[in-house]
Amino acid sequence: MADLSLLQEDLQEDADGSLDFVSQDEMLTPLGRLDKYAASENVFNRQMVARSLLDTLREVCDDERDCIAVLERISRLADDSEPTVRAELMEQVPHIALFCQENRPSIPYAFSKYLLPIVVRYLADQNNQVRKTSQAALLALLEQELIERFDVETKVCPVLIELTAPDSNDDVKTEAVAIMCKMAPMVGKDITERLILPRFCEMCCDCRMFHVRKVCAANFGDICSVVGQQATEEMLLPRFFQLCSDNVWGVRKACAECFMAVSCATCQEIRRTKLSALFINLISDPSRWVRQAAFQSLGPFISTFANPSSSGQYFKEESKSSEDTSVEDKNRIRDQEVPEDILIRPEDVTADPSTSNSSVKLESTMEDDAETSSKSPGEISVSVDSSLLCTLSSESHQEAASNENDKKPGNHKSTLRPEVGTSSQDSALLDQELYNSFHFWRTPLPEIDLDVELEQGSEDKFSPETAEAAPEVPTPGSPSITMATRKELEEMIENLEPHIDDPDVKAQVDVLSAALRASSLDAPEEASSTEQRSDAQDALGVSELANCRRSPDASVPFASSAVENMDSTLRYIHNDSDLSTNSSFSPDEERRSKVQDVVPQALLDQYLSMTDPSRAQTVDTEIAKHCAYSLPGVALTLGRRNWHCLRETYETLASDMQWKVRRTLAFSIHELAVILGDQLTAADLVPIFNGFLKDLDEVRIGVLKHLHDFLKLLHIDKRREYLYQLQEFLVTDNSRNWRFRAELAEQLILLLELYSPRDVYDYLRPIALNLCADKVSSVRWISYKLVSEMVKKLHMATPPTFGVDLINELVESFGRCPKWSGRQAFVFVCQTVIEDECLPMDQFAVHLMPHLLTLANDRVPNVRVLLAKTLRQTLLEKDCFLTSASCHQEAVEQAIMALQMDRDSDVKYFASIHPASTKISEDAMSTASSTY
C-alpha cells in the first residue's frame with residue numbers, strides 16, 4: 001500500500017508538470033512558440049515546428065510584420081542539420097506558397113524572396129530524401145503557376161543548368177535532367193527553347209553516364225512536343241538518331257517507347273524517309289527488351305502516318321508556316337489524284353547510303369523530284385535510280401507486266417514509263433519485251449508515287465530541249481553494278497552468320513539469300529534485254545531513266561548497323577518470297593496482296609508479323625494483344641480501301657487462343673466498324689462479332705458494352721437477326737456476375753430506338769420484365785428505367801395497343817404479385833414513369849393510378865413506404881397532374897391521408913414530409929438497397 005501511494009504521488013506531480021507546460025505554451029505568442037521549439041535540441045520538436053508553419057502563418061496573417069518574421073524563421077530552419085527536418089519543411093513549402101499567393105497584398109514577393117531560394121538550394125542537397133522532396137515541391141509549384149516567369153528564368157533554370165554541368169555529381173545530374181524534362185511543358189516553348197534545349201542536347205551525348213542518356217531518351221517526346229517541329233527537326237532529331245543506336249539497350253528501349261511522340265513532332269516527309277528506317281532498326285535490335293518496346297510502339301507509330309483527308313486524323317505540328325501547309329495540301333491532293341496503278345512509293349524502298357555506292361539516297365531523289373515538279377508540266381522527267389533497279393532484280397519491270405493482267409484497259413499499263421506521251425503501240429511493244437514467266441508469277445512490288453504532273457503530261461511529248469537536258473544514265477542491266485550488288489549481299493550474309501541462332505537474324509539471312517538468288521537469275525535476262533531497251537529509247541528520242549547518284553556528303557544516321565539498314569530496305573520486297581515460287585498464285589490472290597501506299601511497307605509488314613507465333617517466343621508473350629490493341633488506329637490510318645492488308649491479321653487475332661486478345665478486339669469492334677463502313681462490316685466483322693457473342697464472359701462483355709454502337713451500323717434486316725440472340729445475354733458463366741445483366745439493361749435502353757414497336761414488344765419486353773425481377777437491386781433499378789422507356793415508346797406508336805398490353809402485363813405480373821418485392825417493383829416502375837413523364841398524366845391516371853392506390857392497404861410496410869414517397873414527393877410535384885388529372889386528385893389525397901394515419905412510423909413520416917425536402921431518386925435507391 002505504501003508503494004501504491006508513492007506511485008500516485010508521482011503521477012500527480014507529472015500531471016501538474018504537464019499542466020504547467022501547457023499553460024506556459026498557451027501564454028506564448030505564435031512567434032514565441034515557434035522560436036521555442038525551433039531552438040529545441042529534440043529533432044521531433046523541430047519537425048513539429050516545420051509541420052505547424054502554415055498554421056502559424058494563418059494566426060498572424062493580419063500582421064504583415066509577423067508574417068515576414070515567420071518567413072525569416074523558415075529561412076533559418078532551412079539550415080537545420082537534420083535531413084528529416086529539412087524534408088519536412090520542404091513538404092510544407094507548396095502549401096505555404098499557396099497561402100502567400102492568396103495573401104499577396106499583405107506579404108508581396110514573400111515566396112520569391114524567402115521560399116524559392118530554399119527549394120532551389122535543396123535540389124543539390126546531399127541527402128537523397130531532401131532532394132526528392134524538393135523536386136516534387138518544385139514541380140508542384142510550377143504546375144500551380146506559383147513561380148513567376150522571371151524567377152523561372154533567373155533562379156530556377158540557371159541552377160538546373162549548373163547541376164547538369166560535366167563536373168556535377170552523377171546522381172544530382174541525372175535528377176536535374178529529369179526535372180528539366182518534366183518542367184518543360186509547364187514553362188512553355190520560349191523558355192524551353194532558349195534555356196533548356198541546348199543543355200538537353202548536350203546531355204543526350206553524355207558519354208560517361210548512360211543514366212543521363214536514358215532519362216533524356218525517356219523524355220524525348222515531351223521535349224519535342226514543347227519546342228515544335230522546326231527545333232525538333234533541326235536540333236533534336238540528330239540526337240535522337242544517336243540515342244537509338246546507343247550501346248546501352250535501356251537507352252534504345254526508352255527511344256522505342258517515345259517514338260510516337262517524336263514522330264508527331266516531325267513533318268510527313270521526315271517521318272517517312274528517316275524515322276521509318278530508324279524504327280525498323282529498333283524492331284531488329286539484338287536486345288529482346290528493345291524489340292518488345294518497339295513492337296508495342298509500332299501501331300501508334302503507324303497511326304502518325306494518317307492522312308487527314310482520308311482518315312480525319314490531324315496531328316498538331318507547331319511552327320509550321322503557311323507555305324509548309326500549302327505544300328502539304330498539294331501533296332495530299334496529288335496522292336488522291338494519281339491512279340493507284342502508277343504508284344511505286346520511293347519511301348517504301350529506302351536504302352541506307354552507307355551500304356555501298358550502288359545504294360540509293362532517297363532523300364536526294366525526293367528533293368530532285370520536288371524540284372522537277374516545280375517546273376511546268378511539259379518539263380517533267382521521270383527519275384529512277386538504275387542501281388536500285390538492278391538491286392531489286394528488275395522487279396519494277398515485271399510489275400508492269402503483272403499489272404497488265406489486273407488493271408482495267410483504260411488505266412496505265414507501265415509503272416516506269418520511258419516517255420511522257422508515248423504512243424500506245426510503243427508502250428505495248430515495250431511491255432511485250434519486258435514480259436517473261438518469272439516476272440509474271442513473282443509477287444509484285446509496292447509502287448513509286450510519281451508526281452501528278454506526270455499524269456497531266458502523259459498526253460504531251462517532251463520538247464527537244466527537255467530531251468537534251470536529260471542526263472545520260474547507266475543501263476539498269478550493267479554487269480558491274482550487278483556484281484557489286486552480289487558482292488555486297490554476300491558480305492552481309494557472312495557478317496550475319498555468326499548470329500544465326502537468333503531467329504530474327506536467321507530471317508534476315510533468308511531474305512538476303514533470296515535477294516542474292518534473284519540477282520543471279522536476273523543477270524542473264526537483263527544483259528539480253530538491255531540492247532532492246534536501248535534501241536527503243538533511241539527510237540523514242542528520250543532517256544528512260546535519270547541518273548540519281550548518291551550525294552557524297554550525305555549524312556548517315558548511324559555509325560554502324562549497315563547490315564540492318566540494308567535488311568530493312570529489302571525485307572518487304574522478299575517478305576512473301578516463299579509464295580512467289582507457288583505456281584498457283586492466282587490473280588485474285590494477287591489483288592489481295594498486302595501492298596498499300598499510305599505507310600512504308602516495311603512497317604506494315606512488321607506489324608502484320610506480330611501475329612506470328614514465333615514472335616511470342618522471341619519478343620513478347622503478349623505481342624498479339626498489343627497488335628490487337630492498336631489495330632483500329634492502324635486501320636484508320638490505312639483507310640477502308642486498304643482493309644485487305646489487315647483482314648487476315650484481324651481474323652487471326654479473333655481466333656487467338658488467349659482470351660485477352662479476343663477481349664481487346666471485342667471492346668474495339670464497334671470502332672473498327674465505323675472505320676470500315678457498312679459493307680465491309682457486314683462482310684468481315686459480323687462473322688467475328690457472332691463468334692464473340694458465344695465466347696467467354698470476359699470477351700462477351702466487350703461486345704455487350706458497345707452492342708448499340710455496333711448494331712446501329714448494320715442494315716435493318718441484319719440488325720433484326722440479333723433480336724433472337726439477345727436472350728442469350730441473360731445466361732452467364734457465373735450467375736453472380738450481376739454487372740453483366742446490368743450492362744444488358746443499359747444497352748437495351750439504347751436499343752429501343754433501333755427496333756420497331758412490334759420487335760420491342762415481342763423480343764425486348766420479356767428480357768426487360770425478367771431483369772425487373774433480378775436478385776440484385778442494382779440490376780432491377782436500371783430495369784425499371786428500361787421498362788418506363790419501353791412504355792413511352794410503345795405508347796407513342798400508332799396504334800398504342802402494344803403500350804396498353806405492356807401496362808396490363810405490368811399490373812398482372814407485378815402490381816398483383818403475391819410477393820411483396822414484385823409489388824414494390826410495380827411502385828418503382830410507376831415512380832419512374834411519373835418522373836420521366838413517359839405517359840401523359842391522363843393516361844397514367846386511367847391505366848396505372850387505380851392499381852397504384854390499391855397498394856395503400858398493402859400488408860408489407862416497405863411497399864407502403866415507397867408508395868408514400870411516390871405519391872407525396874413525385875406525383876404531387878407534377879403540375880400536369882394537378883391540372884389534367886384533377887378528377888383523380890381526391891383519390892390521391894385520400895390515399896395520402898390513410899398513409900399518414902398508418903401504424904408504421906416510417907410510412908407516416910414519408911406521407912407527411914414536404915415534397916421539396918428530399919431527393920426522390922436517392923430515397924428510392926436507399927429503399928431499394930435497404931429493403932431487399
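- The protein chain is annotated in an unreviewed UniProt entry as Serine/threonine-protein phosphatase 4 regulatory subunit 1 isoform X4 from Equus przewalskii.

## So, the overall build of the protein chain
Logical step 1: When helices and strands are tallied, the protein chain shows 52 helices and two strands.
Logical step 2: Scored against the burial criterion, the 932 residues of the protein chain give a buried share of 52%.
Logical step 3: Partitioning the intrachain contacts of the protein chain with sequence separation of at least 6 by distance along the chain shows that 74% fall at a separation of at least 24.

## Quick word on the confidence of the model for the protein chain
Logical step 1: When pLDDT is averaged across the protein chain, the result is 74; 64% of the residues are at 70 or more.
Logical step 2: Here residues 445-481 scores under 50 on pLDDT; set against residues more than four positions off or in separate chains, the count is 95 contacts.
Logical step 3: Across residues 522-585 the pLDDT falls below 50, and counting only partners more than four positions away or on other chains, this stretch makes 134 contacts in the model.

## Some details on the UniProt feature "repeat: HEAT" (unreviewed entry) in the protein chain
Logical step 1: In this structure's numbering, the residues bearing the UniProt feature "repeat: HEAT" (unreviewed entry) are residues 115-153 and 156-195.
Logical step 2: Secondary structure content for residues 115-153 is 74% helix and 0% strand, while the C-alpha to C-alpha distance between its ends is 16 Å.
Logical step 3: End-to-end, the C-alpha atoms of residues 156-195 are 11 Å apart, and along that stretch the chain is 82% helix and 0% strand.

## Things to note about the side chain of Ser112
Logical step 1: Looking at where Ser112 falls in the secondary structure, it is placed in helix 7 (residues 110-122).
Logical step 2: Looking at Ser112, its side chain comes within polar contact range of the side chain of Asp151, at 3.1 Å.

## Observations regarding the environment of Leu714
Logical step 1: Checked against the element boundaries, Leu714 lands in the loop between helix 39 (707-711) and helix 40 (716-720).
Logical step 2: A relative accessible area of 5% places Leu714 in the buried class.
Logical step 3: Taking the C-alpha atoms as reference, Leu714 lies 7.8 Å from Thr681; in sequence the two are 33 residues apart.

## Some details on unusual backbone geometry
Logical step 1: Backbone torsion omega between Thr798 and Pro799 reads -5°, so that peptide bond is classified as cis.
Logical step 2: Relative to the elements of secondary structure, Pro799 occurs in the loop between helix 43 (777-796) and helix 44 (801-815).
Logical step 3: Phi is positive for Glu145, close to 55°, though the residue is something other than glycine.
Logical step 4: Take Glu145: it is sitting in the loop between helix 8 (128-143) and helix 9 (149-163).
Logical step 5: Judged by relative accessible area, Glu145 falls into the exposed class, the value being 68%.
Logical step 6: Phi at Glu837 takes a positive value of approximately 55°, unusual for a residue other than glycine.
Logical step 7: Within the fold, Glu837 resides in the loop between helix 45 (820-835) and helix 46 (841-847).

## Remarks on the nonpolar core
Logical step 1: With 164 residues, the main nonpolar core has Phe220, Tyr607, Phe844 and Leu871 as its most contacted residues.
Logical step 2: The greatest single-element share of this core, amounting to 13 residues, is contributed by helix 37 (residues 659-693).
Logical step 3: Those residues within four positions of Phe220 in sequence are excluded, and the remaining contacts are Phe200, Cys204, Leu236, Arg239, Phe240, Leu243, Cys258 and Val262.
Logical step 4: Of all hydrophobic cores here, the second largest spans 56 residues; its members include Met90, Cys100, Leu160 and Ile191.

## Description of the pattern of salt bridges
Logical step 1: The full count for this structure, using the stated rule, is 35 salt bridges.
Logical step 2: Of the charged contacts in the structure, one is a salt bridge between Arg199 and Glu202, with a shortest N-O distance of 3.1 Å. Of the two residues, Arg199 and Glu202 both sit in helix 11 (residues 189-204), three residues apart, roughly one turn of that helix.
Logical step 3: You can call Arg199 buried: its relative accessible area is 15%.
Logical step 4: Looking at Glu202, the relative accessible area reads 47%, which means it is partly exposed.
Logical step 5: Of the charged contacts in the structure, one is a salt bridge between Asp858 and Arg823, with a shortest N-O distance of 2.5 Å.

## A few points about helix 9
Logical step 1: Here helix 9 spans 20 Å end to end across 15 residues, near enough to the 21 Å set by a 1.5 Å rise per residue.
Logical step 2: The sharpest bend along helix 9 comes to roughly 30°, located at Cys157, with the proline Pro158 sitting one to four residues further on.
Logical step 3: When we look at burial in helix 9, the residues that qualify are Asp151, Val152, Val156, Cys157, Leu160 and Leu163.
Logical step 4: Summarising the contacts, the buried residues of helix 9 are in contact with helix 7, helix 8, helix 10 (170-187) and helix 11.

## Thoughts on a negative patch on the surface
Logical step 1: Together, Glu490, Glu491, Glu494 and Glu497 line one region of the surface with negative charge.
Logical step 2: For Glu491, the location among the structural elements is in helix 28 (residues 479-496).

## A look at helix 45
Logical step 1: End to end, helix 45 covers 23 Å across 16 residues, agreeing with the expected 22 Å (1.5 Å per residue, within 8%).
Logical step 2: Counting buried residues in helix 45 gives 13 out of 16 residues, a clear majority hidden from the surface.
Logical step 3: Positive backbone phi, approximately 55°, marks Glu837, located one or two places after helix 45.

## Re the packing of helix 5 (residues 64-77) against helix 7
Logical step 1: Viewed as axis vectors pointing N to C, helix 5 and helix 7 meet at an angle of 15°, and their least axial separation amounts to 10 Å. Relative to helix 7, the element helix 5 lies roughly parallel. Viewed along their axes, helix 5 and helix 7 form a crossing whose handedness is left-handed. Listed contacts from helix 7 to Ile68, Leu71, Glu72, Ile74 and Ser75 of helix 5 are Ala110, Tyr114, Leu115 and Ile118.
Logical step 2: For the contact of helix 5 with helix 7, the residue count by class is seven nonpolar, one polar and one charged.

## Comments concerning the packing of helix 11 against helix 13 (residues 220-227)
Logical step 1: Where helix 11 meets helix 13, the axes come as close as 10 Å, and the angle between the chain directions of the two elements is 145°. Of the two possible hands of crossing, helix 11 and helix 13 adopt the one that is left-handed. Seen from helix 11, the contacting residues are Lys189, Thr192, Glu193, Leu197, Phe200 and Cys204; seen from helix 13, they are Phe220, Ile223, Val226 and Val227.

## Observations regarding the packing of aromatic side chains
Logical step 1: In the structure shown here, the tally under the stated rule is 17 aromatic pairs.
Logical step 2: An angle of 55° between the planes, with centres 5.6 Å apart, marks the rings of Phe200 and Phe220 as tilted. Here Phe200, found in helix 11, pairs with Phe220, found in helix 13; they are 20 residues apart in sequence, far enough to count as distant. Phe220 shares its class with Phe200; the two are buried.
Logical step 3: Members of the aromatic cluster, joined through ring pairs, are Phe200, Phe220, Phe240, Phe259, Phe279, Phe301 and Phe305.
Logical step 4: Taking NZ or CZ as reference, Arg765 lies 4.3 Å from the ring centre of Tyr761, over its face.
Logical step 5: We note Lys869 situated over the ring of Phe910; from NZ or CZ to the ring centre the distance is 4.4 Å.

## Digging into the state of the cysteines
Logical step 1: Counted according to the given criterion, the structure contains zero disulfides.
Logical step 2: This cysteine, Cys244, is not joined by any disulfide, and Cys255 carries the nearest cysteine sulfur, 4.0 Å off.
Logical step 3: A relative accessible area of 0% means that Cys255 is categorised as buried.

Quick notes on the rules
Residues numbered from 1 in each chain as written. Predicted model: local features only at pLDDT ≥ 70, side-chain atom pairs only at ≥ 80, totals over all residues. Heavy atoms only, no water. Helix = DSSP H or I, 4+ residues; strand = E, 2+ residues; numbered from the N terminus. Buried < 20%, exposed > 50% of the residue type's maximum accessible area, 1.4 Å probe, protein only. Contact = heavy atoms within 4.5 Å. pLDDT = per-residue confidence, 0-100. UniProt positions renumbered as here; feature names shortened; annotations may be inferred. Polar contact = N/O pair within 3.5 Å; in protein donor to acceptor, adjacent residues only side chain to side chain. Core = buried A, V, L, I, M, F, W, Y, C linked by side-chain atoms within 4.5 Å. Salt bridge = Lys/Arg side-chain N within 4 Å of Asp/Glu carboxyl O. Expected span 1.5 Å × (residues − 1). Bend = angle between axes of the 7 residues up to and from the residue. Patch = residues over 30% accessible without salt bridge, like charges linked within 9 Å, V, L, I, M, F, W, Y side chains within 5 Å. Areas by Shrake-Rupley, 256 points an atom, 1.4 Å probe, with all protein chains shown as cover. Lys, Arg positive; Asp, Glu negative; His and termini not counted. Charge placed at Lys NZ, Arg CZ, Asp CG, Glu CD. Axes fitted to C-alpha atoms, helices over the stretch in contact; angles between N-to-C directions. Parallel < 35°, antiparallel > 145°, perpendicular 65-115°, else oblique. Left-handed = near helix turned anticlockwise from the far one by under 90°. Nonpolar A, V, L, I, M, F, W, Y, C, P; charged D, E, K, R; others polar. Phe/Tyr/Trp six-rings, centres within 6.5 Å; stacked < 30°, edge-to-face > 60°. Lys NZ or Arg CZ within 6 Å of the ring centre and 35° of its normal. Disulfide = S-S within 2.5 Å.

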